[in-house]
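Structural overview
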Amino acid sequence: MSERFLRRKLTFHAHDRTLVLVKRPSEKLEHPLMMALLWALYLPQYPDLRVEVSIGLRYKPDLVQLDDREQPVFWGEAGEVGIDKLRMLCTRYRSTHLVFAKWSTNLHHFIALIEPLWKNVQRNAPIDVIGFDNNTIDCISETGEISVAFEDTTYHRLERT
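So, here's what we can say about the structure.

Right, let's get into helix α2 (residues 83-92). Of the positions making up α2, those classed as buried are Lys85, Leu86, Met88, Leu89 and Cys90. Looking at the buried side of α2, the elements it contacts are β5 (72-78), β6 (97-103), α3 (107-118) and β7 (127-132).

Right, here's the structure in full:
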């Protein structure tokens, strides 16, 4: 049986916090790994970051932090994102820091999808596109301690200057 079909809990630690994720039988291991890595990368900036929680919208974020009005100030997606969701996020959530993570993928194609979606939209929050690969796994110890920095990734920030 391939690893892809195993159900298991994954426990991660970063910044004196613990994150437990369940790898679903139908998902690749890279999906929860990307969520954990994003969580560890952005937790210092967004200390109330939550993973895989519904916020009452059509789409469910992989990672989110809400403000005191229950509006997302951070929205992270790990893996595949459909064009409709991408369009909605880039245009509707103009004050939300958006982060898209990909595993072993050429990010330039994905960035080319995003650029026309926000070309004529006034955003006051950045959009980050982050690439992880098999070397990034070295940032996770055998005990689940994550020690990752942006320098360990392929990182692109899209923002108006």
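On to the layout of surface pockets, then. A volume near 440 Å³ is recorded for the largest pocket. Lining the largest pocket are 20 residues, and of these His31, Met34, Ala78, Gly79 and Glu80 sit closest to its centre. Elements with a minimum of two residues in the lining of the largest pocket: α1 (30-42), β5, β6 and α3. Split by residue class, the lining of the largest pocket holds 5 nonpolar, 5 polar and 10 charged.

In contact at an axis separation of 9 Å, α2 and α3 are set at 50° when each is read in the N-to-C sense. Compared by their axis directions, α2 and α3 come out oblique. As α2 runs across α3, the sense of the crossing is right-handed. For the pair formed by α2 and α3, the contact residues are Ile83, Leu86, Arg87, Cys90 and Thr91 on the first element and Phe110, Leu113, Ile114, Leu117 and Trp118 on the second. Residue composition of the contact of α2 with α3, grouped by class: 8 nonpolar, 1 polar and 1 charged.

Here we come to the side chain of Asp62. Looking at the secondary structure, you find Asp62 in the loop between β3 (50-51) and β4 (63-66). Buried charge Asp62 goes without a salt bridge, the closest partner of opposite sign being Lys85 at 6.0 Å. There is a polar contact of 3.4 Å between the side chain of Asp62 and the side chain of His31. Contacts of Asp62, omitting those with residues within four sequence positions, involve His31, Met35, Arg50, Val51, Glu52, Gly76, Glu77 and Ala78.

As a further point, take the nonpolar core. In terms of nonpolar packing, the biggest core is built from 31 residues, with Phe12, Leu38, Trp39, Tyr42, Phe132 and Ile146 touching the most fellow members. At the level of elements, β1 (8-14), β2 (17-23), α1, β5, β6 and β7 are the ones that each hand at least two residues to this core. Sorting elements by how many residues they give to this core places α1 first, with 10 residues. Leu98, Phe110, Ile127 and Val129 belong to the second largest nonpolar core, which has 23 residues in total.

Reading guide: rules and limits
- Residues numbered from 1 in each chain as written.
- Predicted model: local features only at pLDDT ≥ 70, side-chain atom pairs only at ≥ 80, totals over all residues.
- Heavy atoms only, no water.
- Buried < 20%, exposed > 50% of the residue type's maximum accessible area, 1.4 Å probe, protein only.
- Helix = DSSP H or I, 4+ residues; strand = E, 2+ residues; numbered from the N terminus.
- Contact = heavy atoms within 4.5 Å.
- 1 Å grid on protein atoms, 1.4 Å probe; cavity = no way out; pocket = protein on both sides within 12 Å on 5 of 7 lines; lining within 4 Å.
- Points joined across faces, edges and corners; volume = space filled by probe spheres on them.
- Nonpolar A, V, L, I, M, F, W, Y, C, P; charged D, E, K, R; others polar.
- Axes fitted to C-alpha atoms, helices over the stretch in contact; angles between N-to-C directions.
- Parallel < 35°, antiparallel > 145°, perpendicular 65-115°, else oblique.
- Left-handed = near helix turned anticlockwise from the far one by under 90°.
- Lys, Arg positive; Asp, Glu negative; His and termini not counted.
- Salt bridge = Lys/Arg side-chain N within 4 Å of Asp/Glu carboxyl O.
- Polar contact = N/O pair within 3.5 Å; in protein donor to acceptor, adjacent residues only side chain to side chain.
- Core = buried A, V, L, I, M, F, W, Y, C linked by side-chain atoms within 4.5 Å.

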